[in-house]
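An overview of the molecular structure
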Amino acid sequence: MAKTKEQLLNILDQFQLDEKVVSAEPFGNGHINDTLKVTNEKGEIKYVLQRINHLIFTNVDMLQNNIHVVTTHIRKKLEEKGETDIDRKVLTFLPTKDGKKYYFDGDSYWRVCLFIPRSKSYEEVTPELSYEAGKAFGDFQTMLSDIPEGTLGETIPDFHNMEFRLKQLRDAVATNAAGRVAANPAGRLEEVKDLVEEIEKRAEAMCIQERLYREGQLKKRTNHCDTKVNNMMFDADSDKVLCVIDLDTVMPGFVLSDIGDFIRTGANTGAEDDENLDNVNVNMEIFKAYTRGYMEKAKAFLTPTEIKLLPYGGRLLTYMQTVRFLTDYINGDTYYKIHSPKHNLIRTKAQFKLLQSLEAHAEEMDQFMNQWL
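Report on the accompanying structure. (Residues numbered from 1 in each chain as written. Predicted model: local features only at pLDDT ≥ 70, side-chain atom pairs only at ≥ 80, totals over all residues. Heavy atoms only, no water.)

Describing the overall build of the chain
Put simply, the rule is: Helix numbering and strand numbering both begin at the N terminus, where a helix is a DSSP run of H or I of at least 4 residues and a strand a DSSP run of E of at least 2. The reference for a compact globule is 2.2 Å times residues^0.38; the radius of gyration itself is calculated from the C-alpha atoms. Throughout this description, buried means an accessible area under 20% of the type-specific maximum (1.4 Å probe, protein chains only), exposed means over 50%, and partly exposed covers the range between. Any two residues having at least one pair of non-hydrogen atoms within 4.5 Å are treated as being in contact.
Counting secondary structure elements, the chain contains 12 helices and 11 strands. Its C-alpha atoms give the chain a radius of gyration of 21 Å, within 12% of the compact-globule value 21 Å for 373 residues. Taken along its principal axes, the extent of the C-alpha atoms in the chain is 60 × 50 × 40 Å. For the chain, the residues scored as buried account for 51% of the 373 residues in total. A fraction of 73% describes how many contacts in the chain between residues 6 or more apart in sequence connect residues 24 or more apart.

This is the structure in structure tokens:
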């Protein structure tokens with residue numbers, strides 16, 4: 001439900017703001033939360049107000065506690081290093097007047113953080129930006145690598161758990177085969193049976209991280225879990241990364257997630273839903289630039305097993321997204337927003353083509369990784 005200007009100003013009045021504000025207007029292009037820029041009487045943007053999507057982040061207490069732990073931990077590390085201008089190098093969330101980390105208006109959950117001045121973000125990826133992004137996410141993980149296990153919760157349980165995602169697909173296939181998907185009168189399962197077979201052929205090889213974790217050979221780290229180039233703020237003058245943003249998915253997981261999702265999104269020469277599969281391949285320049293930047297910052301805390309598996313992370317996250325799009329298509333498009341009846345199938349085929357390209361370059365990527373082993 002849309003809020004009036006007066007309602008938004010009343011919500012803002014619940015927080016410990018440093019100055020009077022006069023407006024809150026839509027800001028950015030995020031897909032999950034509603035984000036608004038908040039201006040003062042001079043028309044300067046001072047704060048960012050967000051309505052938290054509690055349908056996706058169902059445990060708002062855990063979510064905001066995770067973010068508080070992470071941002072205060074990073075701030076402490078920056079202070080110890082003697083950094084200046086810290087308010088531009090880590091997100092600063094403001095408490096409510098009664099000391100809480102968010103405000104509930106009876107309908108929605110809200111939070112406020114300081115706006116980062118003299119900053120910009122990018123949507124397009126270049127090798128130069130990839131190198132900076134790799135350093136930023138590597139540094140982010142390094143600063144958080146000593147948070148004790150058990151401190152943070154999973155804001156989206158099983159988010160990057162491949163065994164869980166395969167179970168979802170298999171459940172969708174079984175439900176469809178039994179004729180229990182009302183949104184699927186045309187029999188989508190028959191249409192995608194070849195894709196399902198390709199997924200199943202790779203299933204065992206794509207569940208390595210869960211098996212290694214159970215065997216004690218892979219540990220859970222604090223990850224960002226949404227490592228896109230637009231999830232960081234760059235200095236408006238120098239093009240250096242100021243800080244990592246969009247911290248909702250920061251939670252325990254495997255390091256393969258954070259390198260893997262950047263490769264999946266940033267090193268794709270086509271679009272995530274490209275209908276022309278000839279456009280879709282892996283850009284090795286982007287992969288190498290990101291990996292070089294990442295290893296510059298993260299090598300100190302990574303184990304040899306993790307380093308060796310990093311290129312596999314790109315294949316894993318691409319395979320995982322293929323499975324997720326395919327599952328949603330078979331289920332009758334119940335999760336992702338679609339722009340056409342075949343949108344999820346188009347997405348599935350584009351992701352699968354990227355996976356095939358990553359598989360074709362696997363040996364080259366593994367050899368590139370050997371320099372750090």
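Focus on the packing of helix α6 (residues 193–202) against helix α11 (residues 343–360)
For the record, the criterion: Angles here are taken between N-to-C directions and fall from 0 to 180 degrees, while the axes themselves are lines fitted to C-alpha atoms, restricted in helices to the stretch in contact. Angle categories are assigned with fixed cut-offs, so that under 35 degrees is roughly parallel, over 145 is roughly antiparallel, 65 to 115 is roughly perpendicular, and the rest are oblique. Left-handed describes a crossing whose near helix is turned anticlockwise from the far helix by less than a right angle; the clockwise case is right-handed. Ten residue types, Ala, Val, Leu, Ile, Met, Phe, Trp, Tyr, Cys and Pro, are classed as nonpolar, four, Asp, Glu, Lys and Arg, as charged, and the remainder, Gly among them, as polar.
For the pair α6 and α11, the least separation of the axes is 12 Å and the interaxial angle reads 40 degrees. Taken together, the axes of α6 and α11 are oblique relative to one another. When the axes of α6 and α11 are compared, the crossing they make is left-handed. Residues Leu195, Glu198 and Arg202 of α6 form the contact with α11, whose participating residues are Leu345, Thr348, Lys349, Phe352, Leu355, Gln356 and Glu359. Of the residues belonging to the contact of α6 with α11, the class tally is four nonpolar, two polar and four charged.

Here's the deal with the nonpolar core
Which entries qualify depends on this criterion: To define a nonpolar core, start from buried Ala, Val, Leu, Ile, Met, Phe, Trp, Tyr and Cys residues and group those joined through side-chain atoms within 4.5 Å.
Met162, Val192, Tyr294, Leu302, Leu310 and Tyr319 are the most contacted members of the largest nonpolar core, which has 90 residues in total. Element by element, the count of residues in this core is highest for helix α10 (residues 304–330), at 12 residues. Every residue in contact with Leu310, bar those within four places of it in the chain, is listed here: Val255, Leu256, Ile259, Tyr294, Met295, Leu302 and Met369. Ranked by size, the runner-up nonpolar core spans 14 residues in total, among them Leu8, Ile11, Phe15 and Leu114.

Focus: the pattern of salt bridges
The following threshold applies: In what follows, salt bridge is the name for a side-chain nitrogen of Lys or Arg lying within 4 Å of a carboxyl oxygen of Asp or Glu.
A complete count under the given rule lists 32 salt bridges for this structure. Between Asp107 and Lys3 there is a salt bridge, with its nearest N and O atoms 3.9 Å apart. Pair noted here: Asp107 is in the loop between β5 (103–104) and β6 (109–114) and Lys3 is in the segment before α1 (5–12), with a separation of 104 residues, a long-range link. Of the charged contacts, one joins Arg51 and Asp34 as a salt bridge, the two residues approaching to 3.0 Å between their closest N and O atoms. Note that Arg51 is positioned in strand β3 (residues 45–52) and Asp34 in strand β2 (residues 34–40), a separation of 17 residues in sequence. Judged by relative accessible area, which is 15%, Arg51 ranks as buried. Each of the salt bridges in this network shares a partner with another, and the network as a whole consists of Asp226, Lys228, Asp261, Arg264 and Glu272.

Digging into the pairing of strand β10 (residues 241–244)
Note the cut-off: Being paired, for any two strands, means DSSP has found at least two bridges between them.
In terms of strand pairing, strand β9 (residues 232–235) meets β10 through three bridges, oriented antiparallel. If you follow Phe234 over to β10, its bridge partner there is Val241. In this structure, the hairpin formed by β9 and β10 is closed by a connection of five residues, where Asp239 is found at a positive phi of approximately 65 degrees.

Things to note about the environment of Lys308
Along the chain, Lys308 turns up in helix α10. Assessed through its relative accessible area of 60%, Lys308 is described here as exposed. Expressed as a C-alpha distance, the spacing of Lys308 and Val48, which sit 260 residues apart in the sequence, is 40 Å.

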